[in-house]
Structure formats: C-alpha cells, structure tokens
Amino acid sequence: MNNINDLLSEFLDKDTIGELANFLNKAEKYEKAADKIAIAFGSKSGFSKITPENAVKLSHSFNNNLTLLIQKTWVEKSDIALKDKLLYELEQFSIENEKKWSERYPAFLSLIDDAVFLMFGKQAKTEDFLEYSLRIDPEFGIFWWYIGSLPKECDWSEEKSRLAVLLGMYFLANY
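Criteria and cut-off values
- Residues numbered from 1 in each chain as written.
- Predicted model: local features only at pLDDT ≥ 70, side-chain atom pairs only at ≥ 80, totals over all residues.
- Heavy atoms only, no water.
- Helix = DSSP H or I, 4+ residues; strand = E, 2+ residues; numbered from the N terminus.
- Rg over C-alpha atoms; globule rule 2.2 N^0.38 Å.
- Buried < 20%, exposed > 50% of the residue type's maximum accessible area, 1.4 Å probe, protein only.
- Contact = heavy atoms within 4.5 Å.
- Areas by Shrake-Rupley, 256 points an atom, 1.4 Å probe, with all protein chains shown as cover.
- Axes fitted to C-alpha atoms, helices over the stretch in contact; angles between N-to-C directions.
- Parallel < 35°, antiparallel > 145°, perpendicular 65-115°, else oblique.
- Left-handed = near helix turned anticlockwise from the far one by under 90°.
- Nonpolar A, V, L, I, M, F, W, Y, C, P; charged D, E, K, R; others polar.
- Phe/Tyr/Trp six-rings, centres within 6.5 Å; stacked < 30°, edge-to-face > 60°.
- 1 Å grid on protein atoms, 1.4 Å probe; cavity = no way out; pocket = protein on both sides within 12 Å on 5 of 7 lines; lining within 4 Å.
- Points joined across faces, edges and corners; volume = space filled by probe spheres on them.
- Expected span 1.5 Å × (residues − 1).
- Arc of directions from axis to C-beta.

A. Broad picture of the overall build of the protein chain. In terms of regular secondary structure, the protein chain is built from nine helices and zero strands. Helices and strands appear in the protein chain in the N-to-C order α-α-α-α-α-α-α-α-α. Relative to a compact globule of 175 residues, whose C-alpha radius of gyration would be 16 Å, the protein chain shows 16 Å and is just as compact. Viewed in the frame of its principal axes, the protein chain has a C-alpha envelope of about 45 × 40 × 25 Å. The burial tally for the protein chain puts 45% of its 175 residues in the buried class. Partitioning the contacts of the protein chain with sequence separation of at least 6, the portion at a separation of at least 24 is 68%. Per element, the accessible surface of the protein chain, about 9,700 Å² overall, is 51% carbon and sulfur.

Below, the structure written as structure tokens:
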C-alpha cells in the first residue's frame, strides 16, 4: 500500500489522500472530506452542499454519460450479455431515484464495478489494477482509488450515503 500512496502522491496532495480516511471513518463532520475529494475530481469547493435540484441534474448527467460509455465499449461476444445486463441495471438505478441513498449505495457500487470490468476486462479484477489505472489515466485512477476504498456495505447516515454516491456520480458525469 505504501507504493500506492507514493504513486497517489504524484497526483494528489497529502491532505486529499488523508481526507478519504476521514470521509470513510467519521460519523460526523465528513463534509470537509467530501469537498476535498470532489475537488480532486474537478469540482469547485462546497460540493457537500449540493442542492437536491443539482443532485437530480448530476444524476441525469451520470446516467447519460455512463450509458454512453457502456454502449460505446467494444466487448467480446461472451460479454454482450453483461453489457445488456449493465444497461438494464443502470436504467433501473435511474428509475429508483425515489429510493433512499443508503438503499441505492450498494447498487451504485455494483454498477461501477461491472462497468469498469466491461471496459477493462479481467485486468480490472487484478490486485495491481489501481496502480495500472493511475499510470494510464491518473484522473480515472484517482476515481478508482476512491471507489475501491468505499465499503461494499455500510451503515452510514442517509446524507453520508448520498455524498458517497454523488461523488462517484460527479466523476463519471464529467469523465
């Protein structure tokens, strides 16, 4: 992990790297950490104060961009079923906008995991994929570092779950 932190420090300042741990581990006052992560994704400051209206716009942009990424990804015949399944799951995820963010969180992580597998194949499941992604596309690598650090299941507050998902959506909406 030291190697990854050294590699991350080529693209992120030490404070931003540390803020991810603060976001993951603090039950309260995690907004500053979310703002710092969002800035690493290209956002302006104050991301944690995103309004419901802007969150809806972000969700639409995320859906459109991820749909396009999935549709434009060339796959082997053996992965066509995964591609179709992923497009269906993304559509369902978008329809479920009324669900609580804490309920949508696991589905979001699953979508991202499957989309990255579709784009990168078996490489995405290797131990060194984070390092690989940082080297080939540092912006994507930073995103993958964030996604890979999130727990698959969590008992976070609704607001923290909302921010965790919106951060990932923000990156992909603008990728």
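Additional details are given in the paragraphs that follow.
B. Quick look at the packing of helix 8 (residues 138–149) against helix 9 (residues 158–173). Axis separation between helix 8 and helix 9 bottoms out at 11 Å; the angle between their running directions is 160 degrees. Taken as axis vectors, helix 8 and helix 9 run roughly antiparallel relative to one another. Where helix 8 crosses over helix 9, the two elements pack in a sense that is left-handed. Residue-level contacts link Glu139, Phe140, Phe143 and Tyr146 of helix 8 to Leu163, Ala164, Leu167, Gly168, Phe171 and Leu172 of helix 9. Residue composition of the contact of helix 8 with helix 9, by class: eight nonpolar, one polar and one charged.

C. Representation of the packing of aromatic side chains. Counting across every chain of the model gives 20 aromatic pairs. Taken together, a centroid distance of 5.1 Å and an interplanar angle of 65 degrees make the contact between Phe120 and Phe129 edge-to-face. By relative accessible area, Phe120 is classed as partly exposed at 23%. Between the aromatic rings of Phe140 and Phe143, the centroid separation amounts to 5.8 Å while the plane-to-plane angle is 50 degrees, which identifies the pairing as tilted. Of this pair, Phe140 and Phe143 both sit in helix 8, three residues apart, which is roughly one turn of that helix. Put simply, the rings of Phe41, Phe120, Phe129, Tyr132, Phe140, Phe143, Trp144, Tyr146, Phe171 and Tyr175 pair up and form one aromatic cluster.

D. Representation of the layout of surface pockets within the structure. Taken as a whole, the largest pocket spans an internal volume of roughly 260 Å³. Lining the largest pocket we find 14 residues, and of these Thr126, Glu127, Phe129, Leu130 and Trp144 sit closest to its centre. With four residues, helix 8 is the single largest residue contributor to the lining of the largest pocket. Partitioning the lining of the largest pocket into residue classes produces seven nonpolar, three polar and four charged. Within this model, the second largest pocket holds a volume of roughly 160 Å³. Among the elements that line the lining of the second largest pocket, the one with the most residues is helix 4 (residues 52–72), at four residues. The residue makeup of the lining of the second largest pocket, split by class, is four nonpolar, two polar and five charged.

E. Here's a closer look at the environment of Lys122. Within the secondary structure, Lys122 is located in the loop between helix 6 (101–120) and helix 7 (129–136). Separated by 20 residues in sequence, Lys122 and Ile142 have C-alpha atoms that sit 20 Å apart.

F. Main features of helix 5 (residues 80–95). With 16 residues, helix 5 ought to run about 22 Å at 1.5 Å a step, and its terminal C-alpha atoms sit 23 Å apart, in line with that. All buried positions along helix 5 are accounted for by Leu82, Lys83, Leu86, Leu90, Phe93 and Ser94. Axial view of helix 5: buried residues confined to an arc of 110 degrees, hence all on one face. Along helix 5, exposed side chains directed more than 90 degrees from the buried face belong to Ala81, Tyr88 and Ile95. Here the buried face of helix 5 lies against helix 4, helix 6 and helix 9.

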